Amino acid sequence: MNPVIITFLGSRGPYPGSDELPSVLVSYGGRNILLDIGEGTQHRLLEVGKSVASVDSVLITHMHGDHVLGLIPFLQSRSLAGITTPLLLVGPSGLGGYLRDSFSHLYFDAGYDLVVVEVVESAGCVDWRDVVEPLKEVLRTSAGGVKLLRIPCDKVILKNPFEIRSFWVKHSIPTLSYRLNLAGSTSICYASDVTSSEEVVEACRGVRVLIHDATFGSELSNKAREYMHSTALQAAETALKCGAEILILYHMSPRYKELGELLSEARKVFRNSYLAEKFTKLYLTPSR
Ligand SMILES: [Zn+2]
Ligand SMILES: [Zn+2]
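Summarised in this report is the structure supplied together with it. (Residues numbered from 1 in each chain as written. Chains lettered and ligands numbered in written order. Predicted model: local features only at pLDDT ≥ 70, side-chain atom pairs only at ≥ 80, totals over all residues. Heavy atoms only, no water.)

### Details of the packing of aromatic side chains
Then, number 1: A full pass over the atoms with the stated rule returns 3 aromatic pairs.
Then, number 2: When the ring of Phe8 is compared with that of Tyr250, the centres are 6.2 Å apart and the planes differ by 50°; the resulting orientation is tilted. With Phe8 in strand β1 (residues 4-10) and Tyr250 in strand β12 (residues 246-250), this pair connects stretches of sequence that are 242 residues apart. One exposure class covers both Phe8 and Tyr250, and it is buried.
Then, number 3: Ring geometry for Tyr190 against Tyr250: centres 5.4 Å apart, planes inclined by 65°, an arrangement best described as edge-to-face. Placement of Tyr190 in strand β10 (residues 187-191) and of Tyr250 in strand β12 is noted, with a sequence separation of 60 residues between them. Taken individually, Tyr190 and Tyr250 each receive the classification buried, so the pair is uniform in this respect.
Then, number 4: Ring pairs connect the aromatic residues Phe8, Tyr190 and Tyr250, which therefore count as one cluster.
Then, number 5: The ring of Tyr112 carries the charged tip of Arg78 above its face, separated from the ring centre by 4.6 Å.
Then, number 6: In this arrangement the basic side chain of Arg267 is found over the ring face of Tyr274, its NZ or CZ atom lying 5.2 Å from the centre. (Phe/Tyr/Trp six-rings, centres within 6.5 Å; stacked < 30°, edge-to-face > 60°. Helix = DSSP H or I, 4+ residues; strand = E, 2+ residues; numbered from the N terminus. Buried < 20%, exposed > 50% of the residue type's maximum accessible area, 1.4 Å probe, protein only. Lys NZ or Arg CZ within 6 Å of the ring centre and 35° of its normal.)

Here it is, written out as structure tokens:
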């Protein structure tokens, strides 16, 4: 069985330093999914030999610029390349309005179906299947443009060919994290940006790879609290609590020129901790 491949396209935030802004490519079963799309993501895709056409879904955690400002250029390149296949975008409330306003001011028409699923904060939950049928209808009848669907739910569930769930986490603005359950026991949790949060522990229980906010070291835990990010130590504590197999430290502040201290801080609590670095690839075989 083919491996799941995780490629880090950028791993620093909220501004670039020795590495680029947040974006992770997950490739599996012919699908290519982007987790966040910071400024310059399309350039880094090309550098790892992937075209914009190869990406079929973009999952966005929140509307802070370092996670979303690569989206419009990516969509424009997709259009200029003559790509007509639909693109699925999932993110928090505000994503659809951002697209509509940007398209309007840029006099841009995608020319392909752009299916935007906004996860809104409210009680109750719908199964993803309730969304897929309207989606099919939209795709059958449209000739390009933005199609907006809102899900009054904090658990987006894509069943096939694998499962994708979203859940709300604590950050300074409405923010989602994602869990992808792929083949066998291969699962990935993507939690950026987030303050030390029980929601991550709950949603990521038994996950194989936890990619977690580690913006600061413990010496700046006050700043982590103030800006609602995590320290490397807090990321490690979360990995330990949820029983993750591997922790990837992510979204480190560019104030750190060297990341050795952050890594050793995490490894004191969770030995299987590693640093996300641009163009690092992680190959996961489907069963442990
Ligand atoms: Zn960020
Ligand atoms: Zn943020």
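So, next bit.
### Re the state of the cysteines
Then, number 1: Taken as a whole and judged by the stated rule, the model has 1 disulfide.
Then, number 2: Linked covalently through their sulfurs, Cys189 and Cys204 form a disulfide whose S-S length is 2.2 Å. Sign of the S-S torsion, about -100° for the bond between Cys189 and Cys204, identifies this disulfide as left-handed. Of the two residues, Cys189 is situated in strand β10 and Cys204 in the loop between α6 (198-203) and β11 (209-213); the sequence distance between them amounts to 15 residues. In terms of burial, Cys189 and Cys204 fall into one category: buried.
Then, number 3: The thiol of Cys242 is not disulfide-bonded; the next cysteine sulfur, from Cys204, is found 5.6 Å away.
Then, number 4: By relative accessible area, Cys242 is classed as buried at 3%. (Disulfide = S-S within 2.5 Å.)

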